[in-house]
Amino acid sequence: MRKLTDQEMETISEAAAVAAEKYIFSKISKKEVLDMEVRVEFLEEDVLDVDVEVELFLDELSQAEDSLADEAAEAALEEIDRQVEKLSE
């Protein structure tokens, strides 16, 4: 695979963040989320390697599962796969 441009990486990162947010808000109310941070890191060497980390700060009354942030990161990775696949066509 070719090396991604800065613009492509930015577009993919934004799509990943949106996917993570959509996943989170499909599971819990927006009112439960005090803050959230989605980090996407591209590590390009011979192959594309992407690291996604989702950090959630929830209201103390939230009933959200502890695994929600990890599940949202997985949703973001799936979106990254779709975006990279589109670029490869």
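Residues numbered from 1 in each chain as written. Predicted model: local features only at pLDDT ≥ 70, side-chain atom pairs only at ≥ 80, totals over all residues. Heavy atoms only, no water.

- An unreviewed UniProt entry lists the protein chain under the name DUF3194 domain-containing protein, from Methanobacterium subterraneum.
- Listed in UniProt under the heading Sequence similarities (unreviewed entry), the comment for the protein chain reads: "Belongs to the UPF0440 family." (UniProt positions renumbered as here; feature names shortened; annotations may be inferred.)

### Thoughts on the environment of Glu-53
At step 1: Structurally, the position occupied by Glu-53 is in strand β2 (residues 48-58).
At step 2: Looking at Glu-53, the relative accessible area reads 39%, which means it is partly exposed.
At step 3: Distance in space between the C-alpha atoms of Glu-53 and Ala-69 is 8.0 Å, their sequence separation being 16 residues.
At step 4: Among all residues touching Glu-53, those that are not within four sequence positions of it are Glu-37, Val-38 and Arg-39. (Helix = DSSP H or I, 4+ residues; strand = E, 2+ residues; numbered from the N terminus. Buried < 20%, exposed > 50% of the residue type's maximum accessible area, 1.4 Å probe, protein only. Contact = heavy atoms within 4.5 Å.)

### Side note on the nonpolar core
At step 1: If you look at the biggest cluster of nonpolar residues, it comprises 22 residues, and the most contacted ones within it are Ile-24, Val-52, Val-54, Leu-56 and Ile-80.
At step 2: Elements that contribute at least two residues to this core include exactly α1 (6-27), β1 (33-44), β2 and α2 (68-88).
At step 3: When residues in this core are grouped by element, the largest group, 7 residues, is from α2. (Core = buried A, V, L, I, M, F, W, Y, C linked by side-chain atoms within 4.5 Å.)

### A closer look at the packing of α1 against α2
At step 1: Packing of α1 against α2 leaves a shortest axis separation of 8 Å and a crossing angle of 140°. As far as their axial angle goes, α2 and α1 are oblique. Viewed along their axes, α1 and α2 form a crossing whose handedness is right-handed. Where α1 abuts α2, its residues Glu-8, Ile-12, Ala-15, Ala-16, Ala-19, Ala-20, Tyr-23, Ile-24 and Lys-27 lie against Leu-68, Glu-71, Ala-72, Ala-75, Ala-76, Glu-79, Ile-80, Gln-83, Val-84 and Leu-87.
At step 2: Tallied by class, the residues present in the contact of α1 with α2 amount to 14 nonpolar, 1 polar and 4 charged. (Axes fitted to C-alpha atoms, helices over the stretch in contact; angles between N-to-C directions. Parallel < 35°, antiparallel > 145°, perpendicular 65-115°, else oblique. Left-handed = near helix turned anticlockwise from the far one by under 90°. Nonpolar A, V, L, I, M, F, W, Y, C, P; charged D, E, K, R; others polar.)

### Brief notes about α2
At step 1: With 21 residues, α2 extends 30 Å between its outermost C-alpha atoms, agreeing within 8% with the 30 Å of an ideal straight helix rising 1.5 Å per residue.
At step 2: Every buried residue of α2 is accounted for by Leu-68, Ala-69, Ala-72, Ala-73, Ala-75, Ala-76, Glu-79, Ile-80, Gln-83 and Val-84.
At step 3: Against α1, β1 and β2 lie the buried residues of α2. (Expected span 1.5 Å × (residues − 1).)

### What to know about the pattern of salt bridges
Opposite charge on two side chains allows them to pair when their charged atoms are near.
At step 1: Going through the model one piece at a time under the given rule, you end up with 4 salt bridges.
At step 2: Close ionic contact of Glu-53 with Arg-39 constitutes a salt bridge, the shortest N to O distance being 2.5 Å. Taken together, the residues Glu-53 in strand β2 and Arg-39 in strand β1 connect sequence positions 14 residues apart.
At step 3: Classification of Arg-39 as partly exposed rests on a relative accessible area of 30%.
At step 4: Note that Arg-82 is salt-bridged to Glu-79, the shortest N-O span being 2.9 Å. (Salt bridge = Lys/Arg side-chain N within 4 Å of Asp/Glu carboxyl O.)

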